[in-house]
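# Structural features, examined
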Amino acid sequence: AAAASRPAWSAIVPLAALTLAVDALNMIPFASLRMERKSRQFALIRFASIGVNIALNLVFVLGLRMSIVSIFSANLIASLFCTLLLFPTVWRNLVFRVRGALLKDMLAFGLPTIPAGLAAMVVQVGLPFQVDTSEGTESVEVDDVSVCVE
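Computed from a prediction, not measured in an experiment: that's the story for all the values here. (Residues numbered from 1 in each chain as written. Predicted model: local features only at pLDDT ≥ 70, side-chain atom pairs only at ≥ 80, totals over all residues. Heavy atoms only, no water.)

## Here we look at the overall build of the chain
Per the secondary structure count, the chain includes 6 helices and 3 strands. Moving toward the C terminus, one meets the helices and strands of the chain in the order α-α-α-α-α-α-β-β-β. The contacts in the chain between residues at least 6 apart in sequence include a share of 55% that link residues at least 24 apart. If you sum the accessible surface of the chain, you get close to 11,400 Å²; carbon and sulfur atoms cover 71% of it. (Helix = DSSP H or I, 4+ residues; strand = E, 2+ residues; numbered from the N terminus. Contact = heavy atoms within 4.5 Å. Areas by Shrake-Rupley, 256 points an atom, 1.4 Å probe, with all protein chains shown as cover.)

## As for the packing of helix α3 (residues 39-63) against helix α4 (residues 69-93)
Look at α3 against α4: their axes get within 8 Å of each other, and the N-to-C directions meet at 155°. Classed by the angle they form, the pair α3 and α4 counts as roughly antiparallel. As for the relative orientation of α3 and α4, their crossing is right-handed in sense. Contacts between α3 and α4 involve Q41, I45, A48, S49, V52, N53, L56, N57, F60 and V61 from the former and S70, I71, A74, N75, I77, A78, F81, C82, L85, L86 and T89 from the latter. Classifying every residue of the contact of α3 with α4 by side-chain character gives 14 nonpolar, 7 polar and no charged. (Axes fitted to C-alpha atoms, helices over the stretch in contact; angles between N-to-C directions. Parallel < 35°, antiparallel > 145°, perpendicular 65-115°, else oblique. Left-handed = near helix turned anticlockwise from the far one by under 90°. Nonpolar A, V, L, I, M, F, W, Y, C, P; charged D, E, K, R; others polar.)

## Considering α4
Given a rise of 1.5 Å per residue, 25 residues ought to cover 36 Å, and the 35 Å separating the end C-alpha atoms of α4 matches this to within 8%. At L86, α4 is deflected by roughly 45°, the largest bend along its length, and proline P88 occurs up to four residues later in sequence. For α4, the set of buried residues is V69, S70, A74, L76, A78, S79, C82, L86 and T89. (Expected span 1.5 Å × (residues − 1). Bend = angle between axes of the 7 residues up to and from the residue. Buried < 20%, exposed > 50% of the residue type's maximum accessible area, 1.4 Å probe, protein only.)

## A short note on unusual backbone geometry
Even without being glycine, R37 reaches a positive phi, approximately 60°. Note on placement: R37 falls in the loop between α2 (12-35) and α3. For R65, which is not glycine, the phi dihedral falls at a positive 55°.

## Digging into the environment of F42
Structurally, the position occupied by F42 is in helix α3. Residue F42 is classed as buried on the basis of its relative accessible area, which comes to 18%. Distance in space between the C-alpha atoms of F42 and A31 is 9.2 Å, their sequence separation being 11 residues. Excluding anything up to four places from it in sequence, F42 contacts F30, L33 and R34.

## Points about the confidence of the model for the chain
When pLDDT is averaged across the chain, the result is 84; 79% of the residues are at 70 or more. Considering each helix and strand of the chain separately, the mean pLDDT is smallest for strand β3 (residues 145-149), with a value of 50, and largest for α3, with 96. (pLDDT = per-residue confidence, 0-100.)

## Notes on the pattern of salt bridges
Per the stated rule, a full pass over the model turns up 2 salt bridges. Linking E36 and R92 is a salt bridge whose minimum nitrogen-to-oxygen distance equals 3.3 Å. Taken as a pair, E36 in the loop between α2 and α3 and R92 in helix α4 lie far apart in primary sequence, 56 residues in all. In this structure R92 comes out as partly exposed when scored by relative accessible area, which is 42%. Several salt bridges converge on common partners, so that one network encompasses E36, K38 and R92. (Salt bridge = Lys/Arg side-chain N within 4 Å of Asp/Glu carboxyl O.)

Take a look at the structure:
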């Protein structure tokens, strides 16, 4: 029974991570609403999100008798609903403009880090596989597990 429930539990981490990412993105339009002193809209969106979250939790857990994963799913759905409600604020403040001087400064800062990043990826991918021929037979170590190939 414990092995059967593991796939459901393994879904919690991605759901929690996605919820945190969506909530982090929602902070920017909420800050914009605060800055524009639109407290009524701010509060309505927050309360609507909380209401959707509570309603989905009641439906999923009490109505449909789903597992704890449904609580995380409800939280993600409520966060996405909040994003949908904040979309007009985002769209109103979105500006498509490329500033040449800023782009040049950003590339000057970021381009030198590309070789170091690529080297780090090669090391992370390549280090787990080390071939050791000192024992006379070829053995391959994969993440501290030795396999002898003769």
